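What the coordinates show
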2 protein chains.
Amino acid sequence: MTVSRALNRPEIVADDTRHKILEVCERLNYRPNANARSLRTNTSHQVGVIIPDWRNAFWIDVVSGIEAVLTGAGFQLLIANSNEQGRREDLQIEAMLSQSVDGLLIAPSDGAPSGDSLSRIDELLAAGMPLVIIDRLPAGIANVSCVTIDNESGAYKATRHLLDGGHRRIGLLAGNINLDTGQQRVDGYLRGLKERGLAVDEQLIRTAETNAALVGREVGYSSTLEFLDMDNAPTALLCTSNTIAIGAIAALQERRVQIPEEMAIVSFGDMEWTTLLSPPLTVITQPTIEMGRQAGLMLLEYLEDVPEDGHKRHRKQRRIVLEPQLIVRASSVRGAAAKTIPDD
Amino acid sequence: MTVSRALNRPEIVADDTRHKILEVCERLNYRPNANARSLRTNTSHQVGVIIPDWRNAFWIDVVSGIEAVLTGAGFQLLIANSNEQGRREDLQIEAMLSQSVDGLLIAPSDGAPSGDSLSRIDELLAAGMPLVIIDRLPAGIANVSCVTIDNESGAYKATRHLLDGGHRRIGLLAGNINLDTGQQRVDGYLRGLKERGLAVDEQLIRTAETNAALVGREVGYSSTLEFLDMDNAPTALLCTSNTIAIGAIAALQERRVQIPEEMAIVSFGDMEWTTLLSPPLTVITQPTIEMGRQAGLMLLEYLEDVPEDGHKRHRKQRRIVLEPQLIVRASSVRGAAAKTIPDD
DNA sequence: CTGAAAGCGCTAACAA
DNA sequence: TTGTTAGCGCTTTCAG
């Protein structure tokens, strides 16, 4: 039918024909079938987004950034939660390919030591699928475009801030160091210590097996209790995630440890409630929404880079690293007013 | 090809043929095209979920509940965020129908006084589309299955709790009363007062135009300041949402008002951080995940009610109302230990 | 500018 | 048990 033309490129159809068609469509409540169109054109205007944990506000913010960019450009989002399980991530990639998504935004899960989904990601790249990796960059994959946050820098800033406050023993509640993001935070902490010529006490570094929220809380709680029981307890705590901080604060409150007098505390991730605590929490804010936006924009470039020549163009790989900021509040400084530390 | 058979109903295919087929599929990295299948079978194994604000943990929890049930049953979720805008909601329903989703789960937005999406919902029902409404039930629609929370009861429990604590002037920071949920919370508050024969002071009831998170915070903040400036200020606050509570607490802290001595506070919605506040926050917990689960299960019933007779079966409408619980913490009682008030 | 024909990848129905 | 045919609703190509 000419109907298709009228709907897709109205300009090449005679005015009155077009009006007639549109009117009839309206009356019949006609709705084009997206599946048929996708089948024919091999394009779906859908983009798959795979995140490891959507109960975590961090990821929701990232997705918000992605959404702002991508739905504005006419794409629909298919959002999947891998739950930090490589197997699930794999299945979800599979499902999205079946839906013939036009592109993919993936934050790789920490699971799957099998490396299964890593090789899948390589396959995707080889096949020319528009793909941008978010936040985490597993060691195994190369030549991929990504948007990440400089975790090393964030941890370094936080550590330096605590050292500047006179702390010499800083407990590090690191998350999952199997993740590059986790390891980088440890690195930043170590750099801070090294810069001041301080020795590293391995006992002050605690890690977790996974980034799952519940586990984070539990690890924050129990590790903090262990710290408090040490002969030579730390005087400051650096929590590498919000959930860890929640557990840590719960432990401190339970033991009636004064913050910041007896224990200073800094955490990754600013939340709406961090200013409500007594004292308000010093944090390293992560540009989550911005990370999503940038990743969306980057993907969009690939998406709009139409393969006119029949097959996938060879694309330049791009990397963006976003800088986190330290926001100093009372939890880490005696009598301090809140202020933002500018970037170096 | 017989391939289709081997993949979909392996049992009706000879063993060796099947093995051969599967092996070849593996080797070629074959992936069935979901669009083609949907086109042919008119079923997509996709379910659309439309929520008003995914930056709000409330809705994310609801979606988690839905996901647990539906992905377990082999359905993929299409999640859309209407941002409380009726127009967007409308477009999203439209888009989902285009994708030929098998069913729809909708939390209607408070926008669109046009009633446009209301009539759309009626259309969907008339067309026999499996549909379950979540959390909110706009006045205009009838004969629809839904899962909601008893907001009236929640507000009533909270009010009674405060009255039992000796409070006689309770400020109500109501959200958007254009929403049935908002109005019900006001009703529960009024019932509490009435039961004790107390007069209602309209000045103590503040409402907002929308449920957007930022607005909630702002309204909580400014209304609380106004309360504090009254000659006859309330001695207790009932916040109908978390975001409102955040604003209210910020205002109280700013004015150095002692909680609960000078102002008791109760809020809807338990969050991971509510116990970290000083004092910990008394809340009405809403069974969000359970609401999602129940809605998912309800939809699943419709989905599995296969239209063998060729067209949509006339289905019984069902309604589930979930009961919220009051968790008493120190923010509403002097020197109280935390405890849960059992249902009546 | 509009119509006709073919085919995207799949499955339902029927035939072998 | 397997192969064949047709057609889901759309767009593309080629004729009119």
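For the structure given in this document, a descriptive report is provided here. Model, not experiment: these values are computed from the prediction.

Attention now goes to the relation of the copies chain B and chain A. With an axial shift of 0.1 Å and an RMSD of 0.2 Å, the rotation relating chain B to chain A amounts to 180°. The symmetry that links the two subunits is that of a two-fold axis. Minimal C-alpha separation from the rotation axis in chain B is found for B:Asn35, amounting to 2.4 Å. When the interface residues of chain B are mapped onto chain A, 100% of them again lie at the interface, so the same face is used by both copies.

This paragraph deals with the interface of chain B and chain A. Between chain B and chain A, the contact holds 43 residues from the first and 43 residues from the second. For the pair chain B and chain A, the summed buried area comes to about 4000 Å², and 48% of that belongs to carbon and sulfur atoms. One can count 6 salt bridges joining chain B with chain A. The salt bridge partner of B:Glu94 is A:Arg31, with a shortest N-O separation of 2.3 Å. If you look at where chain B meets chain A, you find 21 residue pairs in polar contact (both at pLDDT 80 or more). Broken down by secondary-structure element, the contributors of at least two residues to the side of chain B that touches chain A are helix H3 (34-41), helix H4 (57-72), strand E2 (76-81), helix H5 (86-98) and helix H10 (242-254) of chain B. Considering only residue class, the side of chain B that touches chain A consists of 19 nonpolar, 15 polar and 9 charged.

Moving on: the sheet that holds strand E3 (residues 103-106) of chain B. Residues and elements named next belong to chain B. Taking strand neighbours across the sheet as the criterion, the 6 strands line up as E2-E1-E3-E4-E5-E11 in an open arrangement whose pairing is parallel. This sheet does not close on itself; its edge strands, each paired only once, are E2 and strand E11 (319-322). Averaged over all pairs of adjacent strands, the angle between strand axes in this sheet comes to 15°, irrespective of strand direction. Pairing between strand E5 (residues 145-149) and E11: 4 bridges, direction parallel. Note that in E11 the partner of Thr-148 across the bridge is Val-321. Lying over the sheet, helix H11 (residues 288-304) contacts strand E1 (46-51), E3, strand E4 (131-134), E5 and E11, oriented at roughly 170° with respect to E5.

Reading the values: rules and limits
- Residues numbered from 1 in each chain as written.
- Chains lettered and ligands numbered in written order.
- Predicted model: local features only at pLDDT ≥ 70, side-chain atom pairs only at ≥ 80, totals over all residues.
- Heavy atoms only, no water.
- Least-squares fit on C-alpha atoms with pLDDT ≥ 70 in both.
- Contact = heavy atoms within 4.5 Å.
- Buried area = accessible area lost by both parts, 1.4 Å probe.
- Salt bridge = Lys/Arg side-chain N within 4 Å of Asp/Glu carboxyl O.
- Polar contact = N/O pair within 3.5 Å; in protein donor to acceptor, adjacent residues only side chain to side chain.
- Helix = DSSP H or I, 4+ residues; strand = E, 2+ residues; numbered from the N terminus.
- Nonpolar A, V, L, I, M, F, W, Y, C, P; charged D, E, K, R; others polar.
- Pairing = 2+ DSSP bridges.
- Axes fitted to C-alpha atoms, helices over the stretch in contact; angles between N-to-C directions.

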